[in-house]
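Here's the letter readout for the chains.
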Amino acid sequence: MKVSIITVCYNSANTIESTIKSVIEQSYPEIEYILIDGLSKDGTLGIIEKYRNSIAKVISEKDSGIYDAINKGIDVATGDVIGILNSDDFYINNTVIADVVDALLNSNADSCYADLQYIDRLNINKIIRNWKSKNYYEGIFYTGWMPPHPTFFVKKACYEKYGKFNLKLKSAADYELMLRFLHKHHVSTTYLPKVLVKMRVGGMSNKTLMNRIAANREDRLAWKINGLKPGMFTLLFKPLSKIKQFLG
């Protein structure tokens, strides 16, 4: 099973090296690493060049935002499975991809997700919050649940069948995609109960409490786009979940 890992970046010189190293140091042999850069103006491209021999594809060009860049990566990916690792994030150890592949093969599922740790942006050894997910069941999205997107691995065939990231959304396209795949189209999934990714706090949707509340408005749109109606308490639980993430 070949796994494509996509990292998109823009002016990420302060963090991109740890992201790259966490991918190229994986023990699993069949990894295609794809980097999509939005014409960075800092030292990002120089760092990428340092590891160029270990990266399958590098594209550096103007894009329309993070999800447009991810879609470009999906278009060129040739792996059976696709994972997305943000340039602020890194895998917790070198067996992450091997563990994901084992989980997919053992369960015969089309997707997999796991747990994540929020860490301090400057002190990566300081854990801010543990995002512990749970086993998926039909209707769990009504409770405000979602899996941590950086831990979500899905077969490329699902993107080909059900579509890529919706560019109408600015901060909730990851939520909308997982809602569409898992809830609407019933893509099979399996939960790997361990931390796979460390995420630095301060990303686009978790930078401030107000950003989180604003992102919830897009969560509402995610349901509407898919012709779905959330349950009575879904839109209450979702912002409470985001506030909990912010408070730690």
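It should be emphasised that the depicted structure is a prediction, and the values quoted were computed from it without experimental measurement.

*Asks:* Got a minute to help me understand the overall build of the chain in this structure?
*Replies:* A count of helices and strands for the chain gives 8 helices and 9 strands. A total of 248 residues make up the chain; the buried ones form 52% of that total. Considering only intrachain contacts with a sequence separation of at least 6, the fraction spanning at least 24 residues in the chain is 76%. In the form shown here, the chain has an accessible surface area of approximately 11,400 Å², with 52% of it arising from carbon and sulfur atoms.

*Asks:* Is there a simple way to explain the pairing of strand β9 (residues 189–200) in this structure?
*Replies:* Here is the key point about a regular strand: its side chains alternate between the two faces of the sheet. Strand direction decides the pairing type here: strand β5 (residues 89–91) and β9, joined by 3 bridges, are antiparallel. Looking at the pairing, Y91 lines up with V197 of β9. Relative to β9, strand β6 (residues 111–119) runs parallel, the two being bridged by 8 bridges. When the sheet's bridge partners are listed, D115 is paired in β9 with V195.

*Asks:* Please explain the side chain of Q26 as it appears in this structure.
*Replies:* Positionally, Q26 belongs in the loop between α1 (16–24) and β2 (31–37). Polar side-chain contacts of Q26 include one of 2.8 Å to the backbone oxygen of N93. For Q26, the side chain forms a polar contact with the main-chain nitrogen of I97, separated by 3.0 Å. In contact with Q26, other than residues within four places in its own chain, are I31, Y91, N93, N94, T95, V96 and I97.

*Asks:* Help me understand the packing of aromatic side chains, please; the structure alone is not making it clear to me.
*Replies:* Here the distance between the centres and the angle between the planes together describe a pair of aromatic rings. With the rule as written, the count across this model stands at 12 aromatic pairs. Relative to W145, the ring of Y113 lies with its centre 5.5 Å away and its plane at 70 degrees, an arrangement referred to as edge-to-face. Of this pair, Y113 sits in strand β6 while W145 sits in the loop between β7 (127–131) and β8 (153–155), and the two are 32 residues apart along the sequence. Centroid distance F141 to Y175: 6.1 Å. Interplanar angle 55 degrees. Geometry classified as tilted. Of this pair, F141 sits in the loop between β7 and β8 while Y175 sits in helix α6 (residues 173–184), and the two are 34 residues apart along the sequence. Residue Y175 is classed as buried on the basis of its relative accessible area, which comes to 2%. Cluster of aromatic residues (ring-pair linked, three or more members): Y113, Y136, F141, W145, Y175 and Y191.

*Asks:* Help me understand the pattern of salt bridges, please; the structure alone is not making it clear to me.
*Replies:* A side chain with one charge can pair with a side chain of the opposite charge if their charged atoms come near. The tally for this structure, following the rule as stated, stands at 9 salt bridges. Put simply, K57 and E32 hold a salt bridge, and the shortest N to O gap is 2.7 Å. Of this pair, K57 sits in strand β3 (residues 57–60) while E32 sits in strand β2; the two residues are 25 residues apart in sequence, bridging distant segments of the chain. Residue classification places K57 among the partly exposed positions, given a relative accessible area of 27%. For E32, a relative accessible area of 4% puts it in the buried group. When the shortest N-O distance is used, the salt bridge between D115 and K132 registers 3.7 Å. Within this pair, whereas D115 is found in strand β6, its partner K132 is found in the loop between β7 and β8, the two being separated by 17 residues in sequence. Of the residues examined, K132 reaches a relative accessible area of 59% and is grouped as exposed.

*Asks:* Looking at this structure, I do not really get unusual backbone geometry. What am I missing?
*Replies:* What you tend to see is this: most non-glycine residues have negative phi, and most peptide bonds are trans. We note that L39 has phi near 65 degrees; this positive angle belongs to a residue other than glycine. By secondary structure assignment, the location of L39 is in the loop between β2 and α2 (44–50). Its relative accessible area of 39% is what places L39 among the partly exposed residues.

*Asks:* Before we go on, may I ask you to explain α6 in this structure?
*Replies:* Given 3.6 residues per turn, any residue in an α-helix points the same way as the ones three and four places further on. Across the 12 residues that make up α6, a large majority, 11, are buried. Considered for burial, the residues of α6 that qualify are A173, D174, Y175, E176, L177, M178, L179, R180, F181, L182 and H183. Within two residues after α6, H186 carries a phi angle of roughly 60 degrees, on the positive side.

*Asks:* In this structure, what is going on with the nonpolar core? I would like to understand it.
*Replies:* It is characteristic of soluble globular proteins that their nonpolar side chains tend to be buried jointly. Counting residues in hydrophobic clusters, the biggest one holds 69 residues, and the most contacted among them are I5, Y91, I97, F141, Y159, F165 and F181. Here F181 is in contact with F152, V154, C158, Y159, Y162, G163, H186 and V187, once residues within four sequence places are set aside.

Scoring rules and cut-offs
Residues numbered from 1 in each chain as written. Predicted model: local features only at pLDDT ≥ 70, side-chain atom pairs only at ≥ 80, totals over all residues. Heavy atoms only, no water. Helix = DSSP H or I, 4+ residues; strand = E, 2+ residues; numbered from the N terminus. Buried < 20%, exposed > 50% of the residue type's maximum accessible area, 1.4 Å probe, protein only. Contact = heavy atoms within 4.5 Å. Areas by Shrake-Rupley, 256 points an atom, 1.4 Å probe, with all protein chains shown as cover. Pairing = 2+ DSSP bridges. Polar contact = N/O pair within 3.5 Å; in protein donor to acceptor, adjacent residues only side chain to side chain. Phe/Tyr/Trp six-rings, centres within 6.5 Å; stacked < 30°, edge-to-face > 60°. Salt bridge = Lys/Arg side-chain N within 4 Å of Asp/Glu carboxyl O. Core = buried A, V, L, I, M, F, W, Y, C linked by side-chain atoms within 4.5 Å.

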